[in-house]
Amino acid sequence: MIPELGHFALALAVILAGAQAVLPLIGAARRDAALMAAAPALALGQMMALAIAFAALLWSSLVSDFSVYNIAENSQSTKPLLYKITGIWGDHEGSILLWCFILALCGAAVGVFGRALPAATRARVIGVLGATSVGFVLFSLTVSNPFVRLWPPPWEGQGMNPLLEDPGLAFHPPILYAGYVGFSIPFAFALAALIEGRVDAAWGRWVRPWALAAWAFLTGGIALGSWWSYYVLGWGGYWFWDPVENASLLPWLAGTALVHSAIVVEKRDALKIWTVLLAIGTFSLSLCGTFLVRSGILNSVHAFANDPARGVFILALLALVIGTALGLFAWRAPRLLPTGIFAPLSREGALVLNNILLCAIATVVFTGTTYPLFAQLLAGAQISVGAPFFNAAVLPLAIPLFTVMVIGPMLSWKRAALGPALIRLWWVALAALAVGAFARFRMAVFPALGFAASAWLILGAFVDIVERIRLFRVRLAVSLARLGGIPLAAWGGAVAHAGMGLTVAGIAGMAIAEHRIIAIPVGETVELGGYQWTLADLHDVPGPNYRARVADIRVMRDGRVIAMMSPGRRSYPLQRTTTTETAIRTNLFRDLYAVLGEERDGKAVLRLHVNYLAPWIWLGALVMAAGGGLSLADRRLRIGAPLRRMSARAVSA
């Protein structure tokens with residue numbers, strides 16, 4: 001009965017989403033107050049219907065109702081409670097339902113927190129979100145129905161993919177989806193502005209917090225996914241330019257450009273057309289990532305199984321949503337008259353260059369990710385584009401991007417002089433050069449360049465704060481008093497930029513990591529990174545639903561035991577799967593990393609790594625996300641946009 005209730009709620013959500021898509025837009029066009037006022041209620045209704053559907057699927061998982069095909073395929077009665085809960089979004093059908101629910105939450109959030117918006121604008125935004133929801137909820141109801149029944153039901157389910165039974169991956173999808181789907185709100189604001197024919201500073205103020213929240217969630221989601229790959233898959237790295245990894249990086253790059261571009265719209269009433277296009281492009285890239293992951297055309301450990309029907313449906317939905325948005329942009333964008341004027345050498349100019357570089361990197365990543373697909377489709381050629389291409393193409397763009405990230409905030413709005421900005425940064429540049437020169441004596445050029453860039457970003461992030469409080473130029477008490485008056489948005493930007501510096505330092509540290517793959521018998525010792533690694537024992541360990549082979553490794557340095565590590569391999573008979581259990585010991589400055597491979601001729605194959613500064617990669621990403629949250633706490637963003645002023649230049653719909 002509960003699955004049928006969930007199925008009914010899913011069908012009801014389609015109807016409510018359709019009403020949400022049609023009635024508010026009609027009301028805004030006719031200036032019908034009643035229809036516009038219905039928008040928040042319809043959004044909340046759709047959200048509640050999907051909440052019921054989601055709860056029904058969760059209940060089916062908790063009680064192990066194997067008459068539901070989705071539960072029988074992806075769960076079992078002995079699965080821990082945590083993974084019974086989080087496992088419902090570990091498969092295709094559940095993840096799509098989660099996507100729909102978060103999309104409905106976005107509409108409800110605009111309805112609840114958008115009361116300060118003009119009625120017509122709020123109605124249009126909620127209407128666009130409803131139209132987007134219709135497609136995804138229909139997708140869930142038809143070709144991805146999580147409530148399909150199985151008769152006769154099996155006594156036991158097939159169980160979850162063991163790779164997914166991990167706390168990191170348990171929380172990775174909802175956080176990542178909150179970022180993906182969160183960009184639907186700036187997308188809806190962009191289409192609402194195109195329909196209305198008006199973008200101004202108030203619009204920039206409305207869009208910015210929603211884009212910032214989505215960006216922060218997406219940053220955290222990508223970091224969790226990268227961390228999971230590092231400690232679960234046993235590859236020993238943090239990013240492999242895997243197509244599905246790239247699918248999440250693309251909207252992050254475009255979203256970063258959108259967050260910065262919205263500042264220019266808000267502050268200077270400029271870059272309006274470009275910002276609208278970025279809002280459309282960012283959500284479009286989120287949808288493209290959905291297609292790449294769920295169509296089955298990618299070979300990736302992250303991708304879902306191949307299903308042509310689902311792929312065709314998502315491709316059609318993708319074409320409809322993106323095509324409609326771009327068509328509306330081509331038709332209405334010329335009406336958005338540019339008003340803000342600024343010199344190339346200004347803070348706005350630096351943000352424009354920032355946008356160009358971010359979009360150039362996104363173009364490189366998109367080209368490298370999709371080129372093999374088109375090569376196979378058009379020429380039948382099997383081509384692989386890997387890390388060497390991406391590293392060689394992205395690095396030349398990243399260096400000027402990092403340079404602009406520090407210099408840009410030092411420039412004034414509208415028109416600036418480069419000399420005074422560089423004078424304020426002299427000590428930052430000197431420190432970065434010193435770090436780079438010191439590193440170069442001990443390592444290759446690229447890691448040294450990375451450490452120099454990290455010092456430049458971290459120190460440069462707080463130069464604006466130092467200048468605001470006039471540190472060392474006035475009495476310390478005065479500087480501390482001025483510190484309290486700095487807006488949280490300024491702190492948030494500085495923290496986010498410093499977080500990028502931490503991540504760059506971690507990447508540079510991984511560039512000098514040492515690793516070794518060796519087959520050794522029990523009792524033998526090998527040297528790596530100044531440590532002595534001894535294979536002390538090999539033994540079997542029984543598990544509740546698996547058999548494990550575990551290696552005990554003793555790590556010593558200077559005659560002292562540093563760590564005892566126990567990497568292993570688990571075999572799951574029910575799923576016919578073997579997984580790697582990585583052993584990691586960290587002190588936040590270096591990771592000792594061990595993986596157990598196959599046994600050959602009485603010897604165990606070990607993959608050993610000494611990864612320097614590896615934790616800084618994910619720590620930096622979390623600091624970046626925290627910077628976004630700190631900016632959201634700024635009162636200027638919480639109280640909403642300033643009132644619009646009537647202008648003869650405004651173009652009404």
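Okay, so let's go over this structure. (Residues numbered from 1 in each chain as written. Predicted model: local features only at pLDDT ≥ 70, side-chain atom pairs only at ≥ 80, totals over all residues. Heavy atoms only, no water.)

1. So, the overall build of the protein chain
Turning to step 1, where the next piece is worked out: When you go through the protein chain residue by residue, the secondary structure sums to 22 helices and ten strands.
Turning to step 2, where the next piece is worked out: Over its C-alpha trace the protein chain gives a radius of gyration of 27 Å, about what one expects of a compact globule, namely 26 Å for 653 residues.
Turning to step 3, where the next piece is worked out: On the principal axes, the C-alpha backbone points of the protein chain span a range of 85 × 75 × 55 Å.
Turning to step 4, where the next piece is worked out: By residue count, 54% of the 653 residues in the protein chain fall in the buried class.
Turning to step 5, where the next piece is worked out: Looking at the protein chain alone, contacts between residues at least 24 apart form 72% of all its contacts between residues at least 6 apart.
Turning to step 6, where the next piece is worked out: When the accessible area of the protein chain is evaluated, it comes to approximately 28,200 Å², of which 67% is carbon and sulfur surface.
Turning to step 7, where the next piece is worked out: In the protein chain, which carries 49 positive and 32 negative side-chain charges, the distance between the mean positions of the two groups comes to 15 Å. (Helix = DSSP H or I, 4+ residues; strand = E, 2+ residues; numbered from the N terminus. Rg over C-alpha atoms; globule rule 2.2 N^0.38 Å. Buried < 20%, exposed > 50% of the residue type's maximum accessible area, 1.4 Å probe, protein only. Contact = heavy atoms within 4.5 Å. Areas by Shrake-Rupley, 256 points an atom, 1.4 Å probe, with all protein chains shown as cover. Lys, Arg positive; Asp, Glu negative; His and termini not counted. Charge placed at Lys NZ, Arg CZ, Asp CG, Glu CD.)

2. Some details on the pairing of strand β9 (residues 590–600)
Turning to step 1, where the next piece is worked out: Summarising burial for β9: eight of the eleven residues are buried, a large majority.
Turning to step 2, where the next piece is worked out: Pairing between strand β8 (residues 583–586) and β9: four bridges, direction antiparallel. Considered in β9, the bridge of T586 is made with D591.
Turning to step 3, where the next piece is worked out: Turn length for the β8-β9 hairpin, with the two strands adjacent in sequence and antiparallel, is three residues, and the turn residue L588 shows positive phi of about 75°.
Turning to step 4, where the next piece is worked out: Relative to strand β10 (residues 603–612), β9 runs antiparallel, the two sharing nine bridges. In the strand pairing of β10, V595 is matched with R607.
Turning to step 5, where the next piece is worked out: Hairpin connection of β9 to β10: two residues between the antiparallel strands, including D601 at a positive phi of 55°. (Pairing = 2+ DSSP bridges.)

3. Side note on empty space enclosed by the protein
Turning to step 1, where the next piece is worked out: Counted by the stated rule, this structure contains three cavities of 30 Å³ or more.
Turning to step 2, where the next piece is worked out: In this model, the largest cavity occupies a volume close to 40 Å³.
Turning to step 3, where the next piece is worked out: Together, S61, N70, I71, N74, S75, K79, G87, I88 and D91 line the largest cavity.
Turning to step 4, where the next piece is worked out: For the lining of the largest cavity, the element with the highest residue contribution is helix α3 (residues 69–74), accounting for three residues. (1 Å grid on protein atoms, 1.4 Å probe; cavity = no way out; pocket = protein on both sides within 12 Å on 5 of 7 lines; lining within 4 Å. Points joined across faces, edges and corners; volume = space filled by probe spheres on them.)

4. Here we look at the side chain of Q46
Turning to step 1, where the next piece is worked out: Mapped onto the fold, Q46 is located in helix α2 (residues 33–62).
Turning to step 2, where the next piece is worked out: A polar side-chain atom of Q46 sits 2.7 Å from a polar atom in the side chain of Q20.
Turning to step 3, where the next piece is worked out: Leaving out residues up to four positions away in the same chain, Q46 has contacts with A13, L16, A17, Q20, A104, S133 and V137. (Polar contact = N/O pair within 3.5 Å; in protein donor to acceptor, adjacent residues only side chain to side chain.)

5. A look at the packing of helix α9 (residues 201–232) against helix α10 (residues 243–268)
Turning to step 1, where the next piece is worked out: Running from N to C, α9 and α10 cross one another at 155°; their axes reach a closest spacing of 8 Å. Comparing their axes, α10 and α9 come out roughly antiparallel. Between α9 and α10 the crossing geometry is left-handed.
Turning to step 2, where the next piece is worked out: Along the lines of polarity and charge, the residues of the contact of α9 with α10 split into 15 nonpolar, six polar and four charged. (Axes fitted to C-alpha atoms, helices over the stretch in contact; angles between N-to-C directions. Parallel < 35°, antiparallel > 145°, perpendicular 65-115°, else oblique. Left-handed = near helix turned anticlockwise from the far one by under 90°. Nonpolar A, V, L, I, M, F, W, Y, C, P; charged D, E, K, R; others polar.)

6. Regarding the nonpolar core
Turning to step 1, where the next piece is worked out: Counting residues in hydrophobic clusters, the biggest one holds 135 residues, and the most contacted among them are L50, W203, W252, V276 and I280.
Turning to step 2, where the next piece is worked out: Sequence-distant contacts of I280, defined by excluding residues within four places in its chain, comprise F187, A190, L191, L194, A325, L326 and F329.
Turning to step 3, where the next piece is worked out: Counting residues in each nonpolar core, the second largest holds 21 residues, with W533, L535, A604 and L608 among its members. (Core = buried A, V, L, I, M, F, W, Y, C linked by side-chain atoms within 4.5 Å.)

7. A closer look at the sheet that holds β10
Turning to step 1, where the next piece is worked out: Across the sheet, four strands lie side by side as β1-β10-β9-β8; this open sheet has antiparallel pairing. With one partner strand each, in any of the chains shown, β1 (514–520) and β8 form the two edges of the open sheet. Neighbouring strand axes in the sheet, compared pairwise and without regard to direction, differ in orientation by 15° on average.
Turning to step 2, where the next piece is worked out: Of the strand pairs in this sheet, β1 and β10 are connected by seven bridges, and their pairing is antiparallel. Paired with R516 across the strands is L608, a residue of β10.

8. Digging into the pairing of strand β5 (residues 560–565)
Turning to step 1, where the next piece is worked out: Where strand β4 (residues 547–557) and β5 come together, five bridges link them in antiparallel fashion. Pairing of I553 across the sheet is with M565, part of β5.
Turning to step 2, where the next piece is worked out: Following β4, the chain reverses through two residues before pairing antiparallel with β5; D558 in that reversal takes a positive phi of roughly 55°.

9. Description of the packing of aromatic side chains
Turning to step 1, where the next piece is worked out: Applying the stated criterion across every chain yields a total of 18 aromatic pairs.
Turning to step 2, where the next piece is worked out: An aromatic cluster of three or more residues is present, and its members are W99, F136, Y177 and Y180.
Turning to step 3, where the next piece is worked out: Over the ring of W331 we find R332; its NZ or CZ atom is 5.2 Å from the centre of that ring.
Turning to step 4, where the next piece is worked out: For R557, the ring lying beneath its charged end belongs to Y531, and the centroid distance is 4.6 Å. (Phe/Tyr/Trp six-rings, centres within 6.5 Å; stacked < 30°, edge-to-face > 60°. Lys NZ or Arg CZ within 6 Å of the ring centre and 35° of its normal.)

10. Quick look at the pattern of salt bridges
Pairs may arise between side chains of opposite charge once their charged atoms sit close together.
Turning to step 1, where the next piece is worked out: Counted under the stated rule, the structure contains twelve salt bridges.
Turning to step 2, where the next piece is worked out: Where R205 meets E266, a salt bridge forms, and the shortest distance between an N and an O atom there is 2.5 Å. In this pair, R205 sits in helix α9 while E266 sits in helix α10, placing the two residues 61 residues apart along the sequence.
Turning to step 3, where the next piece is worked out: Exposure remark for R205: the relative accessible area of 17% places this residue in the buried category.
Turning to step 4, where the next piece is worked out: Between E467 and R473 there is a salt bridge, and its shortest N-O distance comes to 2.7 Å.
Turning to step 5, where the next piece is worked out: Using a relative accessible area of 21% as the deciding quantity, one classes E467 as partly exposed.
Turning to step 6, where the next piece is worked out: R473 sits in the partly exposed class, given a relative accessible area of 46%.
Turning to step 7, where the next piece is worked out: Linked through salt bridges whose partners overlap, the residues forming this network are E4, D65 and R149. (Salt bridge = Lys/Arg side-chain N within 4 Å of Asp/Glu carboxyl O.)

11. Describing α9
Turning to step 1, where the next piece is worked out: Between its first and last C-alpha, α9 extends 46 Å over 32 residues, near the 46 Å set by a 1.5 Å rise per residue.
Turning to step 2, where the next piece is worked out: Residue V207 marks the point of greatest curvature in α9, where the axis turns by about 25°; the proline P209 follows within four residues.
Turning to step 3, where the next piece is worked out: Extensive coverage of α9 is indicated by the burial of 28 of its 32 residues.
Turning to step 4, where the next piece is worked out: N-cap assignment for α9: the residue whose side-chain oxygen lies 3.2 Å from the backbone N of A202 is D200.
Turning to step 5, where the next piece is worked out: Where α9 terminates, the next one or two residues include G234, which has phi positive at roughly 75°. (Expected span 1.5 Å × (residues − 1). Bend = angle between axes of the 7 residues up to and from the residue.)

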